[in-house]
Each structure stands twice: as structure tokens, then as C-alpha cells.
Amino acid sequence: MPGPKSFLDLPRELLVEVLTHLDHVQITRAKRICAAVKSLIEGNAILLYRIELGIEGYLDGPPQGLCTSDRLKQLQDRRDRWLRLDWSHVIPLTPRAVIPQSPLPYECQDGTFMNVKKHDGQVTINKTVLPNKMDTNVEYVSHGLQVDALDITTDSTQDLLVLLDIRGRVHVWSLSTYTAHPRATQAILRQQGVHGHLQITALYIAHDLVALVEWSDCVCVTIWNWQTGRTIISAEGTTLSYLATGLAWLSSRTFVLADASRGELAIFSLHDVDCTSPNVTPIHLNDLPPCTRLQLPRIDRGWHISHFQLDTTPLSAELPRDRPFSINPDLNIVVFTLQFVTHNHRQMSSRYMGFVHSRFLMSYMTPLTEGEQPKRNVVPWKDWGPKHSRIMTRCIASAAFARYVYGQKVVYSRSHPIPAKQLISVYDFNVHPTRLPAAALTHSEARVQVVEREARLHGGDGTEVYVELVDEATVIKRDSQSQLQYHPFVQDVVSGLPYIETTRFVEGPPQKRAQFMMDEERLIELRLYGEEGPSTDTVRVYTL
């Protein structure tokens, strides 16, 4: 019996099987082969789902009993709702159980909000399981603590809670039992904190590693392997070569450090560092040379950085088992916030929000191909910033709470003159050309109307939404002034990383501007009012 004469002579099932071994870009290109292949791909849910996962920056999750067609439908629905801010429910929460009481710590990850509260000497950690589109129920659980907490962070895929107490001890607990984690050799990574009063702390988990950046009388950076209990990186005191004000994990062995002394993003790799042996000798951060230092725009000599912080999506060790798909951590956006002040503290700059893709930062870790020139260790702003980042000074209410960035999206509340309303914008740095047209398509279940101009939002009933591709460069003029704040740059700052901006009004009392957090399936709105009189604090969840 003669075999197939060409690729197209193969049985349909084999053709699909072959195409599933391609990535989404290759499958899309394969549609150009001929009309038959194009028809095959566009009529097959498995291949369409694979394309959509790649375009949206998601990874397929564990089997859940959902067929591929249902997963594809859910993924497209999630895309459309985020692009149009078309939430399915607005659900109020019990505020006293949820609102963070600064400076007490909180965390929001994987559909769970956690915060620590102290009342009449009793410290409790509160967990709120947030509602979603399919389940609008809310679950509140509280647990008493025997320690006062300064900071917490979690990774639910490892059942992991890391807690820094006021004595500087770092506890490694099970998230479900609040006892020592069974995979941790030591329940406490550090028995005593740094000297001096801790002013700023930040904990970060990346698989088996935990990083802590803290400010007291000096700056300290420490990285442990929480499973072995060993210190991997130690940097404490005035000998540290970096004024480290923030850290973000790019992968389980790569991180970027905000260096406020030089005004740089310093990228470090731990791939050549022994991070797993039980008897590892700690390395001082000064002895770990950065792979690359990306310089920020230069400023006048009379100024220095007063605020430099990094934010990105927390890294989970595994894909959540209760979701059909999850974001690809390789495609996260990294946000850096900047502010400057003169040496005599008489003038302060605007607050700047900067954005850069994690994959661009990771590109400096890519092994060189034959004949390729090595990338420079120090890269001036002009050689990377204008094309690969976006810095803006728009009238955005500063993010009072962390977790306002998730995947490639960032949410902000914006200033506007209309009372009793809140203007929110989501910046989506996934600008694949097929995504913006999807926002304009009319769906029978849609509760919003996409308008052509942002000005039309002001006279609407709150169901209007404005969606725009921003691909023109932002220009911040050198040595200029915005209202009472200054731009201290020695040259015009031009940056053009494109993004999709979705803007919509929400209702709310005018007494105090709301702040927003976000995760994969929801926006969390927190409104805090003055402490005088009865509390009118409110928390609402917008499920998408």
C-alpha cells in the first residue's frame, strides 16, 4: 500500500499532532502554507487554544475536566473582559477584616488577601479568600499569632508563608497551619535582625529562595534557601557597594536590584552560585558582579534619588492546580517608581512610573551565539531606555498598596475633576496586533460600551470604557516644571514602550481617592478615610 505523497496526505489527526509541536508563532505562520492548512488550524480548538495561549502570555494548566474548547472560550472571555474592564460582579467585603493598617503587613496573591492586625495587644493574621466570576462567596479566616509581624509574603503553590517579626527573625511557616514548614530544615532563617530601627522592609520569594531588603541604620540585602536554611547572599552595612532600595526576581536564579546611589538597574545571576548545598558558604553581594547595569536618565548635579522601588508579579514555584491556565512568568512587566530631591531638600521632582519587560532584562542573560559581541556591562540610558521602556509622569494617584501589577498589566487610579467618581486605568503591555480589535468587538454578554474618545467617559453612566493603543513616545522635557514639581533631567527623556490603556469610571464617595490592587481574575478597590468619627472604610472586588 503506497504511503502519503506529501504532508497534506497525512490523516487529519496526524496533521494536528505535528502542528501541536510548534509554538504559537509557528502555528500562525503555518496558516500561510496553503488554504487547506489554514482551514485545518482555524477549525481545530487545540491549535487555536495553543495560539491564544501564546498571544495572551499564558501557560496551560493541569487537567481539570475542562475540554480544550471550554478552556479556549474561558481564555478569550478573560482577554475581552480585561481589555474592556467588563467585570461580571462588584462585591463588597467586610472592611475591618481586609483593609491593611499601615504599617502592619499584608499580602495579596492567588485569589487570597492576607493581612496582620493588632488590637488590644492581640496579633492576628487574617486570610480572605476572594470571590471570582464563578464563585462570589467570600471566606474570612483569622489566626492568632505569638509574634508581632513587620512583613509577610506567600507562595500558595508551596504552602509557604515567610514572616519577618519585629525582632528581625525570619520565620518559614506552612500557609495552611501557621507552623514550621515541613520542607524547611530550620523554622527560623535568622534568629536576630540587623542593628537599628527597621524603617523599610521587603520580602520576596522565588521558588526555594527568599530575599530580604531592609533599611535601618544602613541597607542590608540577604538571600536564603528557605529549605536548607542556609544564607546564600549576605550584604550588610556601609561596605555594601549598592544603595539597594528594591529587588525583583526575574527567575528563580536571576534578580534585578534598584541601586539608588548610581541610578541603575543592576541585573544579577545566581546560576553559577551553589544555592542548594546544605553547607554553602555565604557570598557578599560585592563579590557577585552584576551581569549588566542599566543606567537611568542622567540628572543634574544638585539632585539625588529619594525614592526608587521595584514591583512585579511574585514568582510561584508551580502553576496553580485550580486554574485552567496561568500567566507565563517569563513575560512579566517590571515597574520602577522614581522620585528625586535636591541636596538641600528644597525642591522635589515629580513621581515617575517606569515600565520594562522582564524578558528584556533577561535578554542580558542569554548565552552568546558564535560571532556575537558580548553586551556591555554598563549600558547608558540612550542605548536601552528609549526603545525598551516607558517613563511617564501622568496625573496618577501614587500606588499606596503593593500588588498593583500582575503579569503584563498595571492598574492605577487617576486624578479627575468629577466628584463621586473614580477614574481607573489599566496599562496592558501586551500589544499583540490581534488584541486591540478584540476589545472593539460587540459581545451579547458585554455590559460596557467602548467609546472612541476618553472625553466621552465624563458624560456617561459609568458603563462606557475607552481603549487606546499608546505607541507614541513619551517626552519629559529637561529642566522643566510640572505645577510645583520639577524635572531634574539633563536631557529630554524619550521613551516609547507601547501599551494598551483601558480607562473607565467607577462610582464612589468623594472623600478619599481609592487605590487598587489586582491579580489574574480581579481588581481589589480599597478606600480609606480619616480616622475621625465612625469608620467608613470600604473594600470592593471587581471580578473579571
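Refer to the structure printed above.
Being a predicted model, the structure only gives us computed values, none of them experimental. (Residues numbered from 1 in each chain as written. Predicted model: local features only at pLDDT ≥ 70, side-chain atom pairs only at ≥ 80, totals over all residues. Heavy atoms only, no water.)

J.: Is there a simple way to explain the overall build of the protein chain in this structure?
T.: A count of helices and strands for the protein chain gives 8 helices and 38 strands. For the protein chain, the residues scored as buried account for 52% of the 544 residues in total. Taking the contacts inside the protein chain whose residues are at least 6 apart along the sequence as the reference set, 60% of them involve residues at least 24 apart. (Helix = DSSP H or I, 4+ residues; strand = E, 2+ residues; numbered from the N terminus. Buried < 20%, exposed > 50% of the residue type's maximum accessible area, 1.4 Å probe, protein only. Contact = heavy atoms within 4.5 Å.)

J.: Teacher, can you tell me more about the side chain of Ser495 here?
T.: Tracing the backbone through its elements, the reader meets Ser495 in strand β34 (residues 493–495). Residues in contact with Ser495, not counting those within four places in the same chain, are Trp381, Gly385, Pro386, Ser389, Arg390, Ile391, Ala473 and Thr474.

J.: What should I look at first to understand empty space enclosed by the protein in this one?
T.: Where empty space is left becomes clear once a probe the size of a water molecule has been rolled over the atoms. Tallying each qualifying case throughout the model produces 2 cavities of 30 Å³ or more. Reported here for the largest cavity is a volume of approximately 140 Å³. In terms of lining, the largest cavity is formed by 17 residues, of which the most central are Tyr58, Ile327, Gly407, Gln408 and Lys409. The class makeup of the residues in the lining of the largest cavity is 5 nonpolar, 6 polar and 6 charged. (1 Å grid on protein atoms, 1.4 Å probe; cavity = no way out; pocket = protein on both sides within 12 Å on 5 of 7 lines; lining within 4 Å. Points joined across faces, edges and corners; volume = space filled by probe spheres on them. Nonpolar A, V, L, I, M, F, W, Y, C, P; charged D, E, K, R; others polar.)

J.: What should I look at first to understand the side chain of Thr112 in this one?
T.: The residue Thr112 is located in strand β4 (residues 112–119) in this model. Exposure remark for Thr112: the relative accessible area of 18% places this residue in the buried category. Non-local contacts of Thr112, meaning those with residues more than four positions away in its chain, are made with Glu107, Lys127, Thr128 and Leu130.

J.: What is the right way to read the layout of surface pockets from this model?
T.: The calculated volume of the second largest pocket comes to roughly 1100 Å³. Elements with a contribution of two residues or more to the lining of the second largest pocket: α5 (68–84), β4 and β5 (122–129). Residue contributions to the lining of the second largest pocket peak at 10 residues, all from α5. Considered class by class, the residues forming the lining of the second largest pocket number 13 nonpolar, 12 polar and 20 charged.

J.: Explain the pattern of salt bridges here, please?
T.: Per the counting criterion, the structure on display carries 26 salt bridges. Its salt-bridge partner being Glu520, residue Arg78 comes within 3.5 Å of it at the nearest N-O pair. Pair noted here: Arg78 is in helix α5 and Glu520 is in the loop between β36 (515–518) and β37 (522–527), with a separation of 442 residues, a long-range link. According to the relative accessible area criterion, Arg78 is buried, its value standing at 11%. Arg323 serves as the salt-bridge partner of Glu520, at 3.0 Å between the closest nitrogen and oxygen. Here the residue Glu520 occupies a position in the loop between β36 and β37, and Arg323 occupies one in the loop between β20 (303–311) and β21 (325–327), the gap between them amounting to 197 residues. We note that Glu520, like Arg323, is buried. (Salt bridge = Lys/Arg side-chain N within 4 Å of Asp/Glu carboxyl O.)

J.: Just to check I follow, could you spell out helix α3 (residues 35–42) for this structure?
T.: Structurally, the α-helix is built with 3.6 residues per turn, so residues lying three or four positions apart point the same way. For α3, every residue scored as buried is listed here: Val37, Leu40 and Ile41. Axial view of α3: buried residues confined to an arc of 95°, hence all on one face. Buried residues along α3 sit in contact with α1 (12–19), α2 (24–30) and α4 (45–56). (Arc of directions from axis to C-beta.)

J.: Explain a nonpolar patch on the surface here, please?
T.: Together, Phe7, Leu8 and Val18 give the surface a local cluster of nonpolar side chains, amounting to about 230 Å² of exposed area. If you trace the backbone, Phe7 turns up in the segment before α1. Given a relative accessible area of 33%, Phe7 falls into the partly exposed group. (Patch = residues over 30% accessible without salt bridge, like charges linked within 9 Å, V, L, I, M, F, W, Y side chains within 5 Å. Areas by Shrake-Rupley, 256 points an atom, 1.4 Å probe, with all protein chains shown as cover.)

J.: I'm lost on the pairing of strand β35 (residues 499–507) in this one. Help?
T.: Each regular strand carries side chains that alternate between the two faces of the sheet. The buried fraction of β35 amounts to 8 of the 9 residues, a majority that puts the element mostly inside the structure. Where strand β28 (residues 421–428) lies against β35, 8 bridges are found, and the strand directions are antiparallel. Among the inter-strand pairings, Leu423 is bridged to a residue of β35, identified as Phe505. Two elements, strand β30 (residues 464–470) and β35, share 6 bridges in a ladder whose sense is antiparallel. Following the sheet pairing, Val470 is matched in β35 by Tyr499. (Pairing = 2+ DSSP bridges.)

J.: What should I look at first to understand the packing of aromatic side chains in this one?
T.: In this description, an aromatic ring pair is defined by two values, namely the gap between the centres and the angle between the planes. As enumerated under the stated definition, the model contains 21 aromatic pairs in all. Measuring from ring centre to ring centre gives 6.1 Å for Tyr106 and Phe113, while their planes differ by 10°; the resulting arrangement is stacked. Summarising the burial analysis for this pair, Tyr106 and Phe113 share the class buried. Judged by centre distance (5.2 Å) and plane angle (75°), the rings of Trp381 and Trp384 are edge-to-face. Of the two residues, Trp381 and Trp384 are both situated in helix α7 (residues 381–388); the distance of 3 residues between them amounts to about one turn of the helix. The pair Trp381 / Trp384 is uniform in exposure class, with both members buried. Clustering of aromatic rings is evident, with ring pairs tying together Phe355, Tyr404, Tyr412, Tyr427, Phe429 and Tyr499. Lys421 extends its terminal NZ or CZ atom over the ring of Phe505, reaching a point 5.4 Å from the ring centre. (Phe/Tyr/Trp six-rings, centres within 6.5 Å; stacked < 30°, edge-to-face > 60°. Lys NZ or Arg CZ within 6 Å of the ring centre and 35° of its normal.)

J.: What am I meant to see in α4 here?
T.: For α4, spanning 12 residues, the distance from its first C-alpha to its last is 16 Å, which sits close to the expected 16 Å at 1.5 Å a residue. Of all the positions in α4, only Leu47, Tyr49, Ile51, Glu52, Leu53, Ile55 and Glu56 are classed as buried. Taking the backbone nitrogen of Ile46 as reference, a side-chain oxygen 3.0 Å away marks Asn44 as the first, capping residue of α4. In the stretch just after α4, Gly57 is the one whose phi turns positive, near 75°. (Expected span 1.5 Å × (residues − 1). Polar contact = N/O pair within 3.5 Å; in protein donor to acceptor, adjacent residues only side chain to side chain.)

J.: Would you mind showing me how to read the sheet that holds β20 here?
T.: The strands that make up a sheet are held in pairs by hydrogen bonds between backbone atoms, and each pair lies either parallel or antiparallel. Read across the open sheet, the 4 strands follow the order β20-β22-β23-β25; overall the sheet is antiparallel. Bordering the open sheet on either side are β20 and β25 (389–392), each of which pairs with just one other strand. On average, adjacent strands in this sheet sit at an angle of 20° to one another, irrespective of strand direction. By the bridge criterion, 4 bridges tie strand β23 (residues 352–357) to β25 in an arrangement that is antiparallel. Considered in β25, the bridge of Gly354 is made with Ile391. (Axes fitted to C-alpha atoms, helices over the stretch in contact; angles between N-to-C directions.)

J.: Looking at this model, I keep getting lost on the sheet that holds strand β11 (residues 200–206). Mind explaining?
T.: Reading across from one edge, β11-β12-β13-β14-β18 is the order of the 5 strands in this open sheet, with mixed pairing throughout. The open sheet has two free edges, formed respectively by β11 and β18 (283–284), since each of these has just one partner strand. Pairing geometry for strand β14 (residues 231–236) and β18, over 2 bridges, is parallel. Note on β18: the bridge partner recorded for Ile233 is Ile283.

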